[in-house]
Amino acid sequence: MIPGKETLVGKNEPQKEKYGSFALFDIEHFLRRILRNWYWFVLMLSIGYAVSWFYGKYYAQNIYASDLKLSISNNSASYFTPSQSINFIWGQNGNQDGIYLKKMLLSRSHNEFLVKELGLFVNYSTKGALKSTYLDKNDSPVFLEVDRKHLQQVNYPITLTPKGNGSYQVSLPEEGQSTKLYSYDFEAFQNIESYGRPSDKTIKVNEWYTTPNLRFRLVANPVVPAIKLENIIVTLSTVNDAVNGIVSTIGVDFDKEINTIMIISKTGFNLNGTVNFLNKSVAELQKKRFNDKIKVDQNTEQYLKGSLADIRKKLDSSAAYLNYLKVSEKLYDISNRDEKSLQKIKDLEAKKADILSKMNSLNSIRNSVESQGFDRMISPSAAGFDDGLFTASVSELKALYLKRRELASIYTPNSEPMKEINRLISEAKANSSGSLRNVHTVYSTELNKIDQQIAETSADLTSYPEKQRKYLDAERGYNMIEATYNSLLNRQNESQMRLATNQSDITVIDPAKNLGQGPIGPNVKGKKMTILAGFLALPFIFILLGSLFDSKIRNIKELINATKIPLLGVIGNNNSDSMLTVLSTPKSSVAEAFRGIRANVRFLSGEDNTSKVILITSSVGGEGKTYVSINLASVLGLSDKKTILLGMDLRKPKIFGDFEIDNKLGISNYLTGETSIDQIINKTKIPNLDVATSGPIPPNPSELLMSERNIKFIEELKQLYDFIIIDSPPVGLVADSYELMKQSDANLYVVRHEYTEKYMLKMITEKYHNNEIKNLGIVYNDYVTNQGYGYGYGYGYGYGYGYFDEDKNYTEPLLIKIRNKVRSYFGRNK
């Protein structure tokens, strides 16, 4: 049975809607294209491997990391070293010292100090044949010292080439000099007049190099580097860029078991650079915090000393008044004293005195913050609290005020930088004021409770005579002043002890070291895999896009499923120059394919299984309908069937050239009545095959083909020939073939492999399933494959079996060779 013939039975309306519709994506064809283009994947894999190797060898910049461990003391009470005693007020838990220290390490003020102190705005590198390598400052034989009073061009590479005897050639880029230069004094850009490119110059160590956009000198490294460099490339950056770059590479974490142990890490392109920075950063922080502690403790001790002197005067005055009452009023012995109530009142008033003393200290701290008197700041411990967040905000406020003074010399009050710094100051002031206000609220609440308790207890003393009450009031006043004096005295002793035993509250446990740590990044292996995958994806994407946008017929199975039109045969590629394949190569697979079509055509006809008139058409020109017509007629003629081939494509005559026939007279002449049938019929080399060419191109081909004379012409030929083969015009271009199909017994529609567009089949498919065209079959032409073309329908053929002429030039594909070897190997092992 012809494939697809059985689909003619039982067609229904829902099925008709699907006829002529092809799948958007042909997975089978896509996979075949991938296998067919395997060499592109091999090529891209090779290129990707080369690029990834080049990336890892010459481009990837290794990132290193070092860390430092330190311990934070919890016994300090300095203004700049907050402890956790505030927890009794707030009920908080956590490492306040560590949080504050973390903020300090990541703060702009601390890192800006390091950038300026260590000159970290000067960046060193060296360039090899292909790759630049970042250097630590100490890896360079010379240091570049800029004149900070002179305007400098940043992000402008300066190349230093050693010339011997302490001389270096200074080379600047051929272009890129800027008139917008940076001031390290004001940390701002300024414009200057244009100037020419500075020429290269050789300078000695300690000699100043001056140009309109640079001024620096080279200072010899006291330690001779182990590596000899052919060049040193120095690039300046702004202080702000240097600070931001450093802060982004610092990490601070706490030990999971002991939260007072801090782990500080830094990443960078140079291991020595990260080690030196961490050790220097912590050393400077230790020094700064120690000096701050000393300063604050001195201020606190001075404040307490003055407060004690004032309280001492009040205490002496109160004692003198109390003695006066004892002597003059003789009230030193009061009978029936309520000692229990008096002792309670004494204890409450001692607490009250302590809180009032702390509130006075709190007011002193508030006044220092509001008046910017940070140099006179006393320790928050004098006010009875230690809040890390408060001290951090005050420290930030100090740095911001200092920064504002610097900016005020450059910018106007209403400029954006000044507005931004004022906004930051307002935020810091709000944070510090909020903390003080919260502490003051706590003290006020506690003070109100104590006053209420004192008032309740004092109610029992109203029964005493007036003189005795007067003495008791004087005694209570003395006790309260004495309690305040003792409280201040204790705090003074603590402050003096801290001054005597002061030391840094930061202890380095493990300093940062260069232990030859390997790089932590980049992930070179992952990058290489990404590069390889990217290159492999290129042919895959191209093939995928080609498959998605491909509208050609490339899959026979898909063609049959989409059209539901019987497939009569598959014709391979014609490798010869001759159109007469059946005659020139009768033992070829293509000739055998035409014999198969000859056998299958009879199934398209009516009940008698005869097809006297066979029409051959296609969608457009170039699909091989004339080629199929010629060879099908040749096969029929060679089978002792009297056959005539009619060239009825009157618009584009072709047949005459292949049979070496003169096209001067043909069908067009006959249909116009100019000639008789005998005059247009030509004999061929095949005894049973005659040919009637189309003749000269007429002005009205459609009218001629649809005329009654043409119908009678075909009827007369039926009486003379067993088969009439009509080479008709393409149905996708003109409607002539549809009229001719009314006279035919079988209709062959030629589809060319990888040439015919899918959409072209929709019209013929719809007409076929609407029963407008009967006895229609498809011939698949010009199919090319390296593996033969067997399709599982019983009429396909393949190379490599010694049956066809093509086998003598056949080379077995590589994949088939591998498949056959595998099969033979497993076959032997059975």
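Since this is a predicted model, take the numbers as computed values, not measurements.

The rules we used
- Every chain is numbered independently, its residues counted from 1 as its sequence is written.
- In keeping with the predicted nature of the model, local features appear solely for residues at pLDDT of at least 70, side-chain atom pairs appear and are counted solely at 80 or more, and the whole-chain, interface and lining totals rest on all residues.
- Note that the side-chain values use all heavy atoms of the structure and ignore hydrogens as well as water.
- Strands are runs of DSSP state E lasting at least two residues, helices are runs of H or I lasting at least four, and both sets are numbered from the N terminus onward.
- Only protein chains enter the accessibility calculation, which uses a 1.4 Å probe; a residue whose area is less than 20% of its type maximum is buried, one above 50% is exposed, and one in between is partly exposed.
- Each accessible area is a Shrake-Rupley estimate made with a 1.4 Å probe; only the visible protein chains count as cover when residues are assessed.
- Two strands are said to pair when DSSP picks up at least two bridges between them.
- Note on method: axes are straight lines fitted to C-alpha atoms, helices fitted across the in-contact stretch only, with angles between N-to-C directions ranging 0 to 180 degrees.
- Multiplying 1.5 Å by the residue count of a helix minus one yields the expected span of that helix.
- For this analysis, residues touch if any pair of their heavy atoms sits within 4.5 Å.
- Residues qualify for a patch when their relative accessible area is over 30% and they have no salt bridge, like charges being joined within 9 Å and the nonpolar side chains of Val, Leu, Ile, Met, Phe, Trp and Tyr within 5 Å.
- Note on definitions: salt bridges are taken to be side-chain nitrogens of Lys or Arg within 4 Å of carboxyl oxygens of Asp or Glu.
- Nonpolar core, defined: a set of buried Ala, Val, Leu, Ile, Met, Phe, Trp, Tyr and Cys residues in which side-chain atoms within 4.5 Å join the residues together.
- Bend is the name given here to the angle between axes fitted to two runs of seven residues, the run ending at a residue and the run starting at it.

Peer 1: Would you take a moment to explain the overall build of the protein for this structure?
Peer 2: Each helix and strand in the protein was counted, giving 25 helices and 23 strands. Burial statistics for the protein: of 830 residues in total, 46% are counted as buried. Total accessible area computed for the protein in this model is approximately 42700 Å², and 52% of it derives from carbon and sulfur atoms.

Peer 1: Whenever I open this one, the sheet that holds strand 19 (residues 681–683) confuses me. Can you help?
Peer 2: Strand pairing in a sheet relies on backbone hydrogen bonds. The paired strands run either parallel or antiparallel. Across the sheet, which stays open at both edges, the eight strands sit in the order 16-23-22-17-21-18-20-19 with mixed pairing between neighbours. Where the open sheet ends on each side, the last strands, each with one partner, are strand 16 (567–572) and strand 19. Shown here is a sheet whose adjacent strand axes are inclined to one another by a mean of 25°, direction ignored. Bridge count between strand 19 and strand 20 (residues 689–692): three bridges; the pairing is antiparallel.

Peer 1: Sorry if this is basic, but what is going on with helix 16 (residues 589–601) here?
Peer 2: For the α-helix, the turn length of 3.6 residues means that residues three or four positions removed from each other point alike. When the terminal C-alpha atoms of helix 16 are compared, their 18 Å separation across 13 residues agrees well with the 18 Å that a helix rising 1.5 Å per residue should span. Listed as buried for helix 16 are Ser589, Val590, Ala591, Ala593, Phe594, Gly596, Ile597, Asn600 and Val601. Where helix 16 is buried, its residues touch strand 16, helix 15 (581–584), strand 17 (613–618), helix 17 (625–638), strand 22 (746–752) and strand 23 (776–783).

Peer 1: Explain a nonpolar patch on the surface here, please?
Peer 2: A cluster of nonpolar side chains, namely Trp38, Tyr39, Trp40, Val42, Leu43, Ile47 and Val51, defines an oily patch on the protein surface of about 640 Å² accessible area. Assignment of secondary structure puts Leu43 in helix 3 (residues 38–59).

Peer 1: Please explain the nonpolar core as it appears in this structure.
Peer 2: A general trend in soluble globular proteins is that nonpolar side chains are found buried together. Membership of the largest hydrophobic core comes to 52 residues, with the highest contact counts inside it found for Leu70, Leu144, Leu160, Phe216 and Ile264. The leading source of residues in this core is helix 8 (residues 271–328), at six residues. Leu144 has contacts with Val122, Tyr124, Ile158, Phe216, Arg217, Leu218, Val234 and Leu236, leaving out every residue within four places of it along the chain. Listed in part, the 44 residues of the second largest apolar core include Ile560, Leu671, Leu705 and Met741.

Peer 1: How should I be thinking about the pairing of strand 14 (residues 261–268) in this particular structure?
Peer 2: Remark: a regular strand shows side chains that alternate across the two faces of the sheet. Pairing of strand 1 (residues 64–72) with strand 14, which is carried by eight bridges, proceeds in the antiparallel orientation. Each residue of the ladder has a partner; that of Ser66, found in strand 14, is Lys266. Counting the residues in the hairpin turn of strand 13 (residues 250–254) and strand 14 gives six residues.

Peer 1: Sorry if this is basic, but what is going on with helix 13 (residues 524–548) here?
Peer 2: For helix 13, with 25 residues, the first-to-last C-alpha span of 35 Å sits near the 36 Å given by 1.5 Å per residue. At Ala537, helix 13 is deflected by roughly 30°, the largest bend along its length, and proline Pro539 occurs up to four residues later in sequence. Within helix 13 the residues assigned to the buried category are Ile531, Leu532, Pro539, Ile543 and Ser547.

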